[in-house]
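One-letter residues, chain by chain:
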Amino acid sequence: MSRVVTPPAAGSIYLLQLTDCHLMPQPGVPFRGIDSDATLAAVVAEAAALGIDFDRLLLSGDLVHHGGPDAYRRLLALIEPLPGVRHWIPGNHDEPAAMRAAAALACGQERVDCGRWSLLLLDSTAHPDGRGGGSLSEASLSWLQSALEQTADRHVLIALHHNPVGTDSAWQDAIMLANADRFAQLVGAYPQVRVILCGHLHQQQARRLGTVPVFCAPATSVQFKPAQAELALEDDAQAARPGFSWYRLDPDGSVSAHPCRIGAVAPAAALG
Ligand SMILES: [Fe+2]
């Protein structure tokens, strides 16, 4: 188990990202061969054991696999041991109406100010292509531009479900953020954007959009193998482990990313 050895820094924001939990509508039903409730519970235990007093907890989409409000309530109960103010954004497998019914949380297009930072959370599920792709709506792009106009004197983190950069994986690049060019134009025009977080990829990634780092946390459920023409589950024992990432956002605008993994996962059939 990885543990934090660096003492908390004054004025820094500690953000925990959990993504692609894919809780099934009913517990005990396998998701791609694993019990996604059990892997989320293991991730939560691992993250809680770090002993970090997280300021914010970001759930970055595909939280439930086409389930109703009860599944989202189950998710919120499973993450109960973790500190941090909750924020969530939808992914292509989420039902925003069910999210809104389950909890009084914003569901996309949310600005969160903390310390010297502003977190801009986006809904990238507009114009679904039926294969998993998504876009930022015109309203979301306008909202983002307006938020960036208003945060020139702050450091900005942007979070969205769909990856806004390709990852050399043909099947995944085909379902990335469809209007990534327009997003990139906006990001490039506002130098206060320090970091972008996404999910969707089911794998740990560190890329760049121009000069801005783009991080994808490992899924709390299954991982996909990188750099593939077709969907393939990760077969490397370490890289296949469910995980999460946490980030330290410093007052000077610097960011450190810390991806973490849980121990070995039993197949769903062995979980009873
Ligand atoms: Fe997903």
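You'll find the structure just up there.
Calculation notes
Residues numbered from 1 in each chain as written. Predicted model: local features only at pLDDT ≥ 70, side-chain atom pairs only at ≥ 80, totals over all residues. Heavy atoms only, no water. Buried < 20%, exposed > 50% of the residue type's maximum accessible area, 1.4 Å probe, protein only. Helix = DSSP H or I, 4+ residues; strand = E, 2+ residues; numbered from the N terminus. Contact = heavy atoms within 4.5 Å. Salt bridge = Lys/Arg side-chain N within 4 Å of Asp/Glu carboxyl O. Axes fitted to C-alpha atoms, helices over the stretch in contact; angles between N-to-C directions. Parallel < 35°, antiparallel > 145°, perpendicular 65-115°, else oblique. Nonpolar A, V, L, I, M, F, W, Y, C, P; charged D, E, K, R; others polar. Pairing = 2+ DSSP bridges. Core = buried A, V, L, I, M, F, W, Y, C linked by side-chain atoms within 4.5 Å.

S.K.: Can you tell me about helix 2 (residues 69–78), naming the residues and giving the values?
M.R.: Every buried residue of helix 2 is accounted for by Ala 71, Tyr 72, Arg 74, Leu 75 and Leu 76. Its buried side turned inward, helix 2 meets helix 1 (36–49), strand 2 (56–59), strand 3 (85–88) and helix 3 (96–102).

S.K.: I'd love a proper account of the pattern of salt bridges, names of residues and values included.
M.R.: Per the stated rule, a full pass over the model turns up 10 salt bridges. The residue Asp 129 makes a salt bridge to Arg 131 at a minimum N-O spacing of 3.4 Å. On the basis of relative accessibility, which here comes to 56%, the residue Arg 131 falls in the exposed class. Through salt bridges with shared partners, a single ionic network connects Arg 111, Asp 113 and Arg 154.

S.K.: Can you break down the packing of helix 1 against helix 2 residue by residue, with the values?
M.R.: Two elements in contact, helix 1 and helix 2, have axes separated by 10 Å at closest approach and are oriented at 30°. Taken together, helix 1 and helix 2 sit at an angle that is classed as roughly parallel. Taking contact as the criterion, the partners of Asp 37, Leu 40, Ala 41 and Val 44 in helix 1 are, on helix 2, Arg 74, Leu 75 and Leu 78. Looking at the contact of helix 1 with helix 2 residue by residue, the classes come out as five nonpolar, no polar and two charged.

S.K.: Hey, could you go over the sheet that holds strand 8 (residues 205–209) for me, with residue numbers and the actual values?
M.R.: As summarised here, the arrangement of the six strands in space is 4-5-6-7-9-8, forming an open sheet in which the pairing is mixed. Each of the sheet's edge strands pairs with one partner strand only, and the pair in question is strand 4 (110–114) and strand 8. Direction aside, the axes of adjacent strands within the sheet are offset by 20° on average. As defined by bridge partners, strand 8 adjoins strand 9 (residues 212–216) across five bridges and the pair is classed as antiparallel. For Leu 209, the partnering residue across the bridge sits in strand 9 and is Val 212. This element, helix 4 (residues 138–149), spans strand 4, strand 5 (117–121), strand 6 (155–159) and strand 7 (193–198) of the sheet and lies at about 175° to strand 5.

S.K.: Got a sec to walk through the sheet that holds strand 3? Specific residues and values, please.
M.R.: With mixed pairing, the five strands of this open sheet are ordered in space as 3-2-1-10-11. The two strands at the open ends of the sheet, each matched to only one other strand, are strand 3 and strand 11 (255–261). Across this sheet, the average inter-strand angle for adjacent strands is 20°, counted without regard to direction. Here strand 2 runs beside strand 3; their pairing, made up of four bridges, is parallel. Pairing of Leu 58 across the sheet is with His 87, part of strand 3.

S.K.: Describe the nonpolar core, listing the residues and the values that go with them.
M.R.: Counting 32 residues, the largest nonpolar core has Leu 16, Leu 18, Ile 79, Trp 88, Phe 244 and Trp 246 as the members making the most contacts within it. Secondary-structure elements contributing two or more residues to this core are strand 1 (13–18), helix 1, strand 2, helix 2, helix 3 and strand 10 (243–249). Those residues within four positions of Leu 16 in sequence are excluded, and the remaining contacts are Ala 47, Phe 54, Arg 56, Leu 57, Leu 58, Leu 82, Phe 244, Ser 245 and Trp 246. Formed by 26 residues, the second largest nonpolar core is a distinct cluster that contains Ala 180, Tyr 190, Val 214 and Cys 216.

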